[in-house]
Amino acid sequence: MGDWWTTATIEPSIENHEISSISRMRMSPSRHHNNLPTMHSSAMTLSKSSYNVLSAFCTEENVPQCTSYINQEMDSLGFSSACIEASSPEGSWGLNTVPALNMMYELLQMHRRSQRSLQEQETEQLKSSSALEHLQITNSRLKDQLELYKREKSGLLETERQLQLKNKTLQNSLKTEKDEVQKLQSIIASRASQYSHDAKRKERESTKLKERLNQLLVDKRDKKLAIDVLSYLGRADGKRSQWKTGKVEARHEGEMYKSLLSDYEGRQRALMLENVELKKVLQQMKREMVSILSPRKSCSRGDRAEDSLERASSDREEVGDCSKETLDQSCDHARDQSCEHAREQLTNSIRQQWRRLKSHMEKLDSQASLVQQSQQCAGKELVPRQIHEEEMERMRLEVQQCKDFIQTQQQLLQQQLNSPCYDDETAALLNDCYTLEEKERLKEEWRLFDEQRRNFERERHNFTDAAIRLGHEKKAFEEDRALWLKNQFLNMTTFVDHKRHSTSETPRALSVSSEPEMRIPSTPAMLTKSRTYTAFSTPKAASDAGMPSTADLYRTLCLIPDRSSSSVGSSKQGRWQESNTIHSREDTPVRSKHRHGDGDCCSIFSLGSEENRLN
Amino acid sequence: MNFSEVFKQSNQLCRVSPDGKYLATCVQYRLVVRDVNTLQILHLYTCLDQIVHMEWSSDSLFILCAMYKRGLVQVWSLEQPDWYCKIDEGSIGLVSSRWSPDGRHILNTTEFHLRVTVWSLCTKAVSYIKYPKACQKGIDFSRDGCYMALAERRDCRDYVSVFVCDDWHLLRHFETETQDLAGVEWSPNGCVLAVWDSCLEYKVLLYSLDGRLLSTFSAYEWSLGIKSLAWSPSSQFLAIGSYDEKVRILNHITWKKVTEFDHPATINNTKAVVYKEVERKPVVGSPDLSIQQHITMGSTLFNTQSKYEICPLPVQVPVVKPDLDRANPKVGVSSMAFSSDNRYLATKNDSMACVVWVWDMQRLGLLAVLEQTSAVRCFQWDPRRPRLALCTGNAKLYLWSPAGCVSVQVPAEGGFQVQSVTWHCSGDSLILLGKEQLCLCYMEVGEEEDDIK
């Protein structure tokens, strides 16, 4: 580009031909297309300046050369060379305009196209470069990630390796521990066997020693070992001792067995008694079962039961007889049999009865359930009960609701007490939902307010009327005054006299009117009323002092409650107040006339507002 | 309730004769025999050395006094004060001496349990029984005095020999299936012999008189086993107290467990009544205590008053954690006793030394718990009535009956501390033994119901 510039600057000094060739070289379209976007943009900027150069390219003198050159160029670019032709090659040089224009147009078109395609390519390149950038970034990021993962992986591998190592060592230690345990167990077992063996050995030794000791003692014939009795005693039972013979032995055996036998017999007797008792209990149970079951049973069943009962009772008798019998072997056997027999029968019958009782109970159970179901389904008695229950449920629900309501109210009250709400509307809302009474009262108040408002509306109407009238009167008065002044003026002999008179009079009137204004803020409302009354008695003063004192007046009339007090009041009151002031501003001239009514109204209103505040 | 004056005694040797007429006490080397009712000294015998063991013969005619260190036994007669008998075991030594049930033989066990010598007072005959086993209860006589069971150890195996006491005839001799036999005990009816293993193994074997094995019972393995065993007077129940702080009751028909009584640290059995002894210190400086009262109260002024209070359930019983690493840990049921009418069982768990448990054997459940302020030394049932006497080593006697519980201050001077109690066989009086003294306590038969509140 720099080169280009240099050629451009140099150009005027060099011969045209050469320059054109150079420029041609430079300005070849293919070259142009290959330019970078940055180059192109600078080329674009150049085009304007190059025009000046090009204009220098074709001068008056070298027109034919230029045309030929152009033609050549056009040919090389593929346009018809005949398009641009010097109408007369020599002498009169002029352009064949139509083809030249066409050519130019085409060139322009081409240029535009190329420009467009260039632009497109540029944007495309931008896009692709940005995409490339993005891809590069992502690539680098991915590379980083890959690195990170690689590192992580290596770390994990390392930890795994360590864990494996640990595991291996642990396994080894476990194995050694197991071995240890096994060894210890075997040691314990061997110790135990050794201990028992030793114990046995020691015991044997000790018995041997004892034996030896005994032998020694016997051999030694211990002199001291002796009994020294004054005289031998008789046996406790008085009998003489007997020789040890086989007979005695047999007797001992016999006695032993006798005692054993007696013991067994005693035990058997006790068991028998117990058995009898149990049987009695069973019998009674059975009888009771039968008596429970029989009334509803058929005759045959009852008979059977009776039968079995009789049989059992006979068995019992038999058993009783048996127990009374002497206890010899054969009888024992017989009794055993009978016992078994009786027991079987008894248990069988009991089982039967029990089964029957069970089934009966089950039947009863099912019946009871059926009855219950039927009662539940269709019982007329139960319908009112259901209703009653529903009613109860409903009432309970209501009670619960009421309780909830009360609770929420209490909560709200608490909330209100805890954090006084400055938002008028929410306060009103809270008041609303606080109690029904409150609502009622509020409604009452609202009604009162409405009434008052209506009153006030009426009053205002009157005011407006009065204002209109006053306006008329004022007009008349102005006219009168003008007349009077005119008369005065006309009557005056000297101008100075008249001037002094007029100046002396106006301050007087002003002073009179300003007096109440000064006092109003400092004196109580009632007092100011009376004062204002006197002050406003002169219509002239009223007209003078009216404009600045409107707000004061309203304040004195309690039409505008104090800011502090109004802040607690309802928003509606505030709005009403505003409208009131607007109206009253309109009515300023007339206020003296309707002061009395105003005052009344305001007193009512203030009462209301006070109530409001209290609420 | 009346108390006698205090007498001296030594070695806690004080026995009432089986017929209930005499009271024999030992004071050093002297033996004093008194009339139980009058407490007059009837006889005074002087032995050769300090008496270590003393025992009445079954017919209440003779008294045996043993001096183990010297290996001497002296026998005295009540009927013939001049009569004497002296048995010298010589150099072999003596560790135990006892009467045979007939009152005419004396069984001496020599040192090292080398043998048991049976000395007859009727004849010159001397019998030896070899291989007696040194164990918790190696010898037991049946209640009727007919048979004697003796534990033996031969060739590292346990045997039981049953002798006829009449002529020391060996009736049965059988090997028992025990590792290390710890004791033998006859059932009160004399037909069943209970044999139990040492504490290392929970095992009870029941043998018939003729040596047949009736049954074996083992509640658990691999833990310390039996600590005590008791037959009910009717032979109907066998109570086994063990180191797991439980009592298991076996029946006499199937020899299976009927029930087991647990001794929990927290009592919440609603059917049980928990009596807790509460001590009250007398207020010394209180104005209402006159001088006269001071004098009458005497020594009791320094003793604390106590009474029983019924605790609302559940009750936490004080438990002393035993050192299980040492031998004979203080845990488990160490003593049990059935009342004479078989209705109640009193037990004591060593880890709860202050507590006596009374169980109802009809209901097979806990009936009462007596929580004392100090460790229970001894308890014994009245031989006639369901009444339990116990002492805790202080100057008080405690009585329990189904009607309630009472603690009685012993009005003896000089810090009389009741170490053990013994009922007179009539159940009308109690012998209270202190460290060096003794005292009789008479129950007023007619007013006993008033005493027991």
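Everything that follows concerns the structure shown earlier in this document.
As a starting point, this report considers the structure included with it. (Residues numbered from 1 in each chain as written. Chains lettered and ligands numbered in written order. Predicted model: local features only at pLDDT ≥ 70, side-chain atom pairs only at ≥ 80, totals over all residues. Heavy atoms only, no water.)

**Considerations on the interface of chain A and chain B**
Line of reasoning, step 1. Counting residues at the interface gives 38 residues for chain A and 47 residues for chain B.
Line of reasoning, step 2. Summing both sides of the interface, chain A and chain B together bury roughly 4000 Å²; the carbon and sulfur share of this comes to 56%.
Line of reasoning, step 3. Applying the counting rule to chain A against chain B returns 3 salt bridges.
Line of reasoning, step 4. Linking chain A with chain B are 11 residue pairs in polar contact (both at pLDDT 80 or more), by the criterion used here.
Line of reasoning, step 5. Mapped onto the side of chain A that touches chain B, the elements with two or more residues apiece are helix 6 (97-220), strand 1 (226-229) and helix 7 (246-293) of chain A.
Line of reasoning, step 6. Take the side of chain A that touches chain B: its biggest share by element is 13 residues, from helix 7 of chain A.
Line of reasoning, step 7. A class-by-class count of the residues in the side of chain A that touches chain B yields 16 nonpolar, 6 polar and 16 charged.
Line of reasoning, step 8. In this structure, strand 1 of chain A lies alongside strand 10 (residues 84-88) of chain B, joined through 4 bridges in antiparallel fashion. Looking at strand 10 of chain B, one finds that Ile227 of chain A is bridged to Ile87 of chain B. (Contact = heavy atoms within 4.5 Å. Buried area = accessible area lost by both parts, 1.4 Å probe. Salt bridge = Lys/Arg side-chain N within 4 Å of Asp/Glu carboxyl O. Polar contact = N/O pair within 3.5 Å; in protein donor to acceptor, adjacent residues only side chain to side chain. Helix = DSSP H or I, 4+ residues; strand = E, 2+ residues; numbered from the N terminus. Nonpolar A, V, L, I, M, F, W, Y, C, P; charged D, E, K, R; others polar. Pairing = 2+ DSSP bridges.)

**A word on the layout of surface pockets**
All names here are of chain B.
Line of reasoning, step 1. Of the voids in this model, the second largest pocket is the one considered here, and its volume is about 1800 Å³.
Line of reasoning, step 2. Lining the second largest pocket are 43 residues, and of these Lys137, Asp140, Arg143, Glu185 and Gln380 lie nearest its centre.
Line of reasoning, step 3. In terms of residue count, strand 23 (residues 226-231) provides more of the lining of the second largest pocket than any other element does, 4 residues in total.
Line of reasoning, step 4. In the lining of the second largest pocket, the residues fall into 22 nonpolar, 13 polar and 8 charged. (1 Å grid on protein atoms, 1.4 Å probe; cavity = no way out; pocket = protein on both sides within 12 Å on 5 of 7 lines; lining within 4 Å. Points joined across faces, edges and corners; volume = space filled by probe spheres on them.)

**Focus on the nonpolar core**
All names here are of chain B.
Line of reasoning, step 1. The biggest cluster of nonpolar side chains holds 35 residues, and the ones touching the most others in it are Val160, Leu193, Val204, Leu206, Leu238 and Ile240.
Line of reasoning, step 2. Leave out the neighbours within four places in its chain, and Val204 touches Val195, Trp196, Ser215, Thr216, Phe217, Ile226, Leu229, Leu238 and Ile240.
Line of reasoning, step 3. Ranked by size, the runner-up nonpolar core spans 24 residues in total, among them Ala239, Val247, Met336 and Trp357. (Core = buried A, V, L, I, M, F, W, Y, C linked by side-chain atoms within 4.5 Å. Buried < 20%, exposed > 50% of the residue type's maximum accessible area, 1.4 Å probe, protein only.)

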